[in-house]
Amino acid sequence: QVQVVESGGGLVQPGGSLRLSCAASGNFFRINDMGWYRQAPGLQRDLVASITSGGITNYADSVKGRFTISRDNAKNMVYLQMNSLKPEDTAVYYCNAVIVAQTGNGGYWGQGTQVTVSS
């Protein structure tokens with residue numbers, strides 16, 4: 001079994017900050033890429049930021065300069081620091097981890113954490 005669990009979402013005012021955390025646990029050899037995705041009602045789930053096992057990052061244009069993704073390989077965790085939040089950032093944020101395991105490889109999703117940016 002592999003479990004991916006997000007935390008840190010909540011309600012913030014425009015211009016505020018949040019830090020999301022994601023922890024992967026279970027029986028696996030290693031985690032390759034990890035990423036944060038978000039999905040607003042009626043819209044597709046889009047990539048926000050990703051990071052390789054070596055620390056190479058990629059960001060959606062809409063969050064560049066405002067969000068920072070990082071990871072702690074020893075703890076099997078990935079983080080998303082979100083600054084200068086805008087109402088359009090409101091969405092459910094999901095963590096994805098690409099797992100290498102004895103039973104097979106693939107991406108695993110967390111349950112999501114709600115981020116609401118509103119006055």
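Computed from a predicted model, the values in this text were never measured in an experiment. Here the residue index of a chain counts from 1 through its sequence in written order. Local features are withheld for residues below a pLDDT of 70 in this predicted model, meaning they are given only at 70 or higher, and side-chain atom pairs are given and counted only at 80 or more; totals for whole chains, interfaces and linings count all residues. In computing side-chain properties, one takes all heavy atoms of the structure into account and sets aside hydrogens as well as water.

### Side note on the state of the cysteines
Here, disulfide denotes a covalent bond that connects the sulfur atoms of two cysteines.
Here is step 1: The criterion for a disulfide is a pair of cysteine sulfur atoms lying within 2.5 Å. Using the criterion set out here, one finds one disulfide in the structure.
Here is step 2: Across a sulfur-sulfur distance of 2.0 Å, Cys-22 and Cys-95 are joined as a disulfide pair. Classification of the bridge connecting Cys-22 and Cys-95 rests on its S-S torsion, roughly -80°, and on that basis the disulfide is left-handed. With Cys-22 in strand E3 (residues 18–26) and Cys-95 in strand E9 (residues 91–101), the pair connects residues that are 73 residues apart, well separated along the chain.
Here is step 3: Each residue gets one of three labels from its accessible area relative to the maximum for its type: buried under 20%, exposed over 50%, partly exposed in between, using a 1.4 Å probe on protein chains only. Residue Cys-95 is classed as buried on the basis of its relative accessible area of 0%. Here a strand is any run of E in DSSP of at least two residues, a helix any run of H or I of at least four, and the numbering for each starts at the N terminus.

### Some details on the sheet that holds strand E7 (residues 67–72)
Here is step 1: Taken together, the four strands give an open sheet; going across it, the order is E1-E3-E8-E7, and neighbouring strands pair in antiparallel fashion. Each having just a single partner strand, strand E1 (2–7) and E7 make up the two edges of the open sheet. On average, adjacent strands in this sheet sit at an angle of 15° to one another, irrespective of strand direction.
Here is step 2: Inspection of the sheet shows E7 paired to strand E8 (residues 77–82) by six bridges, in the antiparallel sense. In the strand pairing of E8, Ser-70 is matched with Tyr-79. What makes two strands pair is DSSP finding at least two bridges between them. Each axis is a line fitted through C-alpha atoms, taken for helices only over the stretch in contact, and angles between the N-to-C directions span 0 to 180 degrees.

### A word on the pattern of salt bridges
Here is step 1: The term salt bridge refers to a pairing of a side-chain nitrogen on Lys or Arg with a carboxyl oxygen on Asp or Glu at a separation within 4 Å. Tallied over the full model, the rule gives three salt bridges.
Here is step 2: Two residues, Arg-38 and Asp-89, come together in a salt bridge whose shortest N-O distance is 2.9 Å. Taken as a pair, Arg-38 in strand E4 (residues 30–39) and Asp-89 in the loop between E8 and E9 lie far apart in primary sequence, 51 residues in all.
Here is step 3: By relative accessible area, Arg-38 is classed as buried at 14%.
Here is step 4: Residue Asp-61 is joined to Lys-64 by a salt bridge in which the shortest nitrogen-to-oxygen separation is 3.0 Å.
Here is step 5: Judged by its relative accessible area of 66%, Asp-61 falls in the exposed class.

### What to know about unusual backbone geometry
Here is step 1: Although it is not a glycine, Asn-76 adopts a positive phi angle of roughly 55°.
Here is step 2: Structurally, Asn-76 is set in the loop between E7 and E8.
Here is step 3: For Asn-76, a relative accessible area of 25% gives the class partly exposed.
Here is step 4: Here the phi dihedral of Ser-84 falls at roughly 50°; this positive angle occurs in a residue that is not glycine.
Here is step 5: Note that Ser-84 resides in the loop between E8 and E9.

### Regarding the nonpolar core
For soluble globular proteins, the rule of thumb is that nonpolar side chains tend to be buried together.
Here is step 1: Counting 30 residues, the largest nonpolar core has Trp-36, Leu-80, Met-82 and Tyr-93 as its most contacted members.
Here is step 2: Of all the elements in the fold, those that place two or more residues in this core are E1, E3, E4, strand E5 (46–51), E7, E8, E9 and strand E11 (113–117).
Here is step 3: The element best represented in this core is E9, accounting for six residues. To form a nonpolar core, buried Ala, Val, Leu, Ile, Met, Phe, Trp, Tyr and Cys residues must be joined to one another through side-chain atoms within 4.5 Å.

### Here's the deal with the side chain of Asp-89
Here is step 1: What makes Asp-89 buried here is its relative accessible area of 1%.
Here is step 2: Within the structure, the side chain of Asp-89 is placed 2.9 Å from the side chain of Arg-38, a separation counted as a polar contact.
Here is step 3: A polar contact of 2.8 Å, which involves the side chain of Asp-89, links it to the side chain of Arg-66.
Here is step 4: The contact rule is simple, with two residues in contact once any of their heavy atoms fall within 4.5 Å. Apart from the residues lying within four places of it in its own chain, the contact partners of Asp-89 are Arg-38, Arg-66, Phe-67, Ser-84, Val-115 and Val-117. For the purposes of these results, a polar contact is taken to be a pair of N or O atoms within 3.5 Å, where, inside protein, one atom must be able to donate a hydrogen and its partner to accept one; residues adjacent in sequence count only when each atom of the pair is a side-chain atom.

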